[in-house]
Amino acid sequence: MQTHYERIGGEEVVRKLVDRFYDLMDQQQDLQGIRELHAKSLKASREKLFLFLSGWLGGPQLYVDKYGHPRLRQRHLPFVIGESERDQWMNCMIQAMQDVGLEEGLREELKRAFWKTADFMRNKEG
């Protein structure tokens, strides 16, 4: 059985997905809430999300090799993340998956998996 990493198209498509995700975040006014949680330059964020998603999707554990265990929730605690921020992140990722041309069934599977992770990142009510 293929991993999500293989089904998505490997490194090249993961990179395209991450780039489209951050391009959307940087360009769309309705995503400014989560954009403001990031540094002015998105270069480091792009690289870390690419490294993380590679392993999270079942590919090479690039993030773990470079930084150790992701400890996602702990690493996101300095940022106020509520339902609005979660929903903006999800909307951005859903649009990015569609824009890079992921097949609908795969998009739905990943949407459910991303939702669990994004919801787990919430650290404030509402």
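Cut-off values and rules
Residues numbered from 1 in each chain as written. Predicted model: local features only at pLDDT ≥ 70, side-chain atom pairs only at ≥ 80, totals over all residues. Heavy atoms only, no water. Axes fitted to C-alpha atoms, helices over the stretch in contact; angles between N-to-C directions. Helix = DSSP H or I, 4+ residues; strand = E, 2+ residues; numbered from the N terminus. Parallel < 35°, antiparallel > 145°, perpendicular 65-115°, else oblique. Left-handed = near helix turned anticlockwise from the far one by under 90°. Contact = heavy atoms within 4.5 Å. Nonpolar A, V, L, I, M, F, W, Y, C, P; charged D, E, K, R; others polar. Expected span 1.5 Å × (residues − 1). Buried < 20%, exposed > 50% of the residue type's maximum accessible area, 1.4 Å probe, protein only. Arc of directions from axis to C-beta. Polar contact = N/O pair within 3.5 Å; in protein donor to acceptor, adjacent residues only side chain to side chain.

A closer look at the packing of helix H7 (residues 83-99) against helix H8 (residues 104-120)
Link 1 in the chain: Taken N-terminus to C-terminus, the directions of H7 and H8 make an angle of 160 degrees; their axes are 10 Å apart at the nearest point. On the basis of their axis angle, the class for H7 and H8 is roughly antiparallel. For H7 against H8, the interelement crossing comes out right-handed. On H8, the residues touching Arg-86, Asp-87, Trp-89, Met-90, Met-93, Ile-94, Met-97 and Gln-98 of H7 are Arg-107, Leu-110, Lys-111, Phe-114, Trp-115, Ala-118 and Asp-119.

Here's the deal with the side chain of Ser-45
Link 1 in the chain: Within the element layout of this structure, Ser-45 appears in helix H4 (residues 43-56).
Link 2 in the chain: Those residues in contact with Ser-45 that sit more than four places away from it in its chain are Tyr-22 and His-38.

Looking at the packing of helix H2 (residues 10-27) against H7
Link 1 in the chain: Where H2 contacts H7, the axes come no closer than 8 Å and their chain directions differ by 130 degrees. In terms of orientation, H2 and H7 fall into the oblique class. Relative to H7, H2 is oriented so that their crossing is right-handed. Contacts between H2 and H7 pair Leu-17, Arg-20, Phe-21, Leu-24 and Met-25 from the former with Trp-89, Cys-92, Met-93, Gln-95, Ala-96, Met-97 and Asp-99 from the latter.
Link 2 in the chain: For the contact of H2 with H7, the class distribution of residues is 9 nonpolar, 1 polar and 2 charged.

Digging into H8
Link 1 in the chain: Between its terminal C-alpha atoms H8 stretches 24 Å, which fits the 24 Å expected from 17 residues at 1.5 Å a residue.
Link 2 in the chain: Among all positions of H8, only Leu-106, Leu-110, Phe-114 and Ala-118 are buried. End-on view of H8: buried residues confined to an arc of 90 degrees, all on one side of the axis. Those residues of H8 that are exposed and angled more than 90 degrees off the buried face are Arg-112 and Lys-116.
Link 3 in the chain: Taken together, the buried residues of H8 touch helix H1 (4-8), H4 and H7.
Link 4 in the chain: Capping the start of H8 is the job of one residue whose side-chain oxygen sits 2.6 Å from the backbone nitrogen of Gly-105: Glu-103.

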